[in-house]
Amino acid sequence: MNTIWSVRTGIRDFLESVIRICRSWTEKHPFIKIAYMIFSWLSLIIFVLSLFFVKEARTMLVQYLWSFYVLLQFWVLCRSKTLPWKTVVLFVLSGVYLVVPLTTLTVSAFHMVFSGKTSDVWSLAVITPIFEELWKLLPLGVFLLFSRRASALSLSDYTLIGAATGIGFQLMEELSRRWLSSGVLAEKFGYSFTMLGGETIHWDLFSLFPGRFEESLLPTVMTVSHPVHTAMIGLSIGIAYRLRKKPTKWLFLFPTIILLWAILDHAAYNGQHQLPGWVLQLSDWTGLGYKTQSTFLLMLFTSIFADYWSLNKMRSRLPALPNEPFLNPFTELWNMTYSFCLDREKFIYWLGFYRERRELGFHILYGNTEAANRQEPVQARVKALCQVLTGFTVFLLVTGLFAGIGAHSGVAESACFTCMFDSLQDWWDRLNWYEQGALLLGALALSMLFVGFWPALGIAMTGMGIAGSGHEIAGYIRDPKKLLTPERALSAAGSIMLNRIPFGKALSWVGKKGRPYVHKLLEKLGLRKSNTDVPIHPEPPKKHDGKEPDRQPDNPKKTGDETPHKETAHEETTNEQTKKPSIVGTIVTKGTTTEYTNPAKTKLIWDYQSPKNINRDIQQSLKSTNIGSATQAKVADFVRKKTEVIGYNQKIKKVNKEAAGDLDVVTKDAIIEVKASIKGVKEEQFAKFIDASHELFFNPENKKVILYIDKPLNNLRPEHKIMLENIKSKGVTIVNSLDDLKGAL
């Protein structure tokens, strides 16, 4: 067992280190993101053009839309899921790029060893079903082996992982069939039509989990789609794992039985006219494939009930909204559906709150030591989202007083360009609701080829919003003065995107004057960083005669061009007679802004912060629900009782306003980097404090660097121990309590 654990942690730690290196590399080289963005847009443009000229591209789009539709069905049904959309999509891709090639190689290698052809009955009806059903479980197995949150999955997560992998596998399998189909029957009736069986693969819009295999002429046996089989097996694995501590050890046979059932269904359909009679008899006892889907749905609904039953047993430890006596999927689904259709400002908060609350509950219920490390940040996010939803009604009433409502221009004259938008909305309004919905779904699915779910949803909603807001756009074109300021332009774009969906009700958009109240509320809740940096800065440099210059006021008044900038240059010196420490690099002070040129010739700027502002910000952050901000404020509050704090949450920027770093707590002699736990520590960030040759070095006075970690450093993983040793070897003082910090100061 120790060997397995060592191999598991070794591989995972290696992969995580590679990911960290790649992330740091991309951060140091922003052009990579720009190149990727350009490549993505070019790929999208080329794909759209290929739809007009390449038949195979249109075929691929059709199959992709069907697979996306199936994934949406599973996404809606798995009500107790905790996995985000991005993770689920990765499992779809694993089915495409991992399972399909591996299955092909395995079957081909098997025939190379034992001879035969892949078209033989024993290969189609025996070897292929076994390898396909087994290899489709590989992504789930890898996730359970290496993921830190594997012990805290809900039963719906197991279902969704299996379904997503099956969808990816089915996407490539059916796409290959569509591309390779030829002949008179395929041209006339479709790629899945046979002379004796009729239509054999059914993609029905109004059926649950389309893509089933069944002959339309005299059907005798059928098999459900790959996603249903793999989802059912994955769910059975989750049930067995959840009940592993029960005395009934035979439950571990349950996933094996379900796996054999899926293989039997698959084999019976592939060889229905050529397999031995006893195989078909076994298939007959299990329902000839017609009982599989109903059994899976019964398992799924039972597992959802069990998940919510478990969550309700400890609901006192989870944040709850008013008038929510118990947790249930129906209330959650209703609130999300209602907000999506009629109150879209709340939709993203409902979605995030419910999912992360379930994740927090399962972490508390079933999470092991590894999963416990994720509990704290999840809990902080859940509390923040809960506060947003609780206060949203009052907030909307306040901002509604300041909302600007766009009015159409009364100018009679219009250009042809405005007529085009008017005609566009006239066309859109003539469409039926289901036609509008179909266009929305198609745009969403097409965008999903290149971006994640929420960006794709934004693209699709924007397109539909433009079509449904033609009159409003035409009004802005007729009267361009409405868009002279960036605030009004952003308000117009937001109105178009948010206030138009095919079945939604148009709402008044929150205008320019209401937006600051939104920002202030989100900043107080820790959900948004301020766009304007608080002027926080170290003490102004002293003059060479030892006298300290007058401090600049908190809000200096400009009297015009007559008031020149006050500039003081501090060159690197080793003069023993000066009492101030030597400066590494060059510092120039202009008013309340300091410009520092480090030895690497990088220019960095920051703003001076007065003691009054420091104390104010510390007091505000002490009340923050964000654990990182609260911990930072706790340390600053402790330090200011011992010595003067001259910098708090200091923002360092390049001359082009790009972020270069920050200083958590600064005293006359020390820079204190504050972390709530070991997970927030990054070794590379300390180079900015101690390595004068670093591109972003900003410790000109060579102050002592202290790393404060609030959480106990017990049971550290090997990579964390090595990281702390490396940091300590560079001269950084590491403390783990306020008493230790007092001694270090």
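Residues numbered from 1 in each chain as written. Predicted model: local features only at pLDDT ≥ 70, side-chain atom pairs only at ≥ 80, totals over all residues. Heavy atoms only, no water.

### What about the side chain of His202?
- Inspection of the secondary structure assignment puts His202 in strand β3 (residues 201-202).
- Ignoring sequence-local partners within four residues, the contact set of His202 consists of Pro210, Gly211, Arg212, Glu214 and Ser216. (Helix = DSSP H or I, 4+ residues; strand = E, 2+ residues; numbered from the N terminus. Contact = heavy atoms within 4.5 Å.)

### Re helix α23 (residues 627-640)
- Taking 1.5 Å per residue as the helical rise, α23 with its 14 residues ought to reach 20 Å, and the 20 Å between its terminal C-alpha atoms agrees with that figure.
- Each element contacted by the buried residues of α23 is listed here: α22 (611-622), β10 (645-654), β11 (659-667), β12 (670-675), β13 (704-709) and α26 (738-744). (Expected span 1.5 Å × (residues − 1).)

### Some words on a nonpolar patch on the surface
- Taken together, the side chains of Ile34, Met37, Ile38, Trp41, Leu42, Ile45, Ile46, Leu49, Phe52, Phe53 and Val54 make up a nonpolar region of the molecular surface, amounting to roughly 1200 Å² of accessible area.
- Its place among the elements puts Phe53 in helix α2 (residues 31-53).
- What makes Phe53 exposed here is its relative accessible area of 69%. (Patch = residues over 30% accessible without salt bridge, like charges linked within 9 Å, V, L, I, M, F, W, Y side chains within 5 Å. Areas by Shrake-Rupley, 256 points an atom, 1.4 Å probe, with all protein chains shown as cover. Salt bridge = Lys/Arg side-chain N within 4 Å of Asp/Glu carboxyl O. Buried < 20%, exposed > 50% of the residue type's maximum accessible area, 1.4 Å probe, protein only.)

### Here we look at the nonpolar core
- Within the largest apolar cluster, 77 residues are counted, with the highest numbers of intra-cluster contacts made by Phe68, Phe74, Val88, Ile161, Phe296, Leu318 and Phe353.
- In terms of residue count, the dominant contributor to this core is helix α3 (residues 55-77) (nine residues).
- Contact partners of Ile161, with chain neighbours within four places excluded, come to Leu83, Phe91, Leu140, Phe143 and Leu153.
- In terms of nonpolar packing, the next biggest core, distinct from the first, is built from 27 residues, Tyr596, Ile646, Val681 and Met723 among them. (Core = buried A, V, L, I, M, F, W, Y, C linked by side-chain atoms within 4.5 Å.)

### Digging into the pairing of strand β8 (residues 593-597)
- By the bridge criterion, five bridges tie strand β7 (residues 586-590) to β8 in an arrangement that is antiparallel. Across the sheet, Lys590 pairs through a bridge with Thr593, a residue of β8.
- Hairpin connection from β7 to β8: two residues lie between these consecutive antiparallel strands, with Gly591 at a positive phi of about 65 degrees.
- Pairing of β8 with strand β9 (residues 603-607), which is carried by five bridges, proceeds in the antiparallel orientation. (Pairing = 2+ DSSP bridges.)

### With respect to α2
- Between its terminal C-alpha atoms α2 stretches 33 Å, which fits the 33 Å expected from 23 residues at 1.5 Å a residue.
- Three or more residues of α2 are buried, namely Ser40, Phe47, Ser50 and Leu51.

### Observations regarding the side chain of Thr82
- Note that Thr82 resides in the loop between α3 and α4 (85-114).
- Engagement of the side chain of Thr82 in a polar contact is seen with the side chain of Arg149, the distance being 2.5 Å.
- At a separation of 2.5 Å, a polar atom in the side chain of Thr82 contacts the side chain of Asp157. (Polar contact = N/O pair within 3.5 Å; in protein donor to acceptor, adjacent residues only side chain to side chain.)

### Quick notes on the sheet that holds strand β5 (residues 222-223)
- One open sheet accounts for three strands, arranged β3-β4-β5; its pairing is antiparallel. The two strands at the open ends of the sheet, each matched to only one other strand, are β3 and β5.
- Here strand β4 (residues 212-214) runs beside β5; their pairing, made up of two bridges, is antiparallel. The residue of β5 that forms the bridge with Phe213 is Thr223.

### Topic: the pattern of salt bridges
- Taken as a whole and judged by the stated rule, the model has 23 salt bridges.
- Close ionic contact of Glu173 with Arg177 constitutes a salt bridge, the shortest N to O distance being 3.5 Å. Remark: Arg177 and Glu173 occur in helix α7 (residues 155-180); sequence separation between them is four residues, near one turn of the helix.
- Among the residues examined, Glu173 registers a relative accessible area of 17% and is labelled buried.

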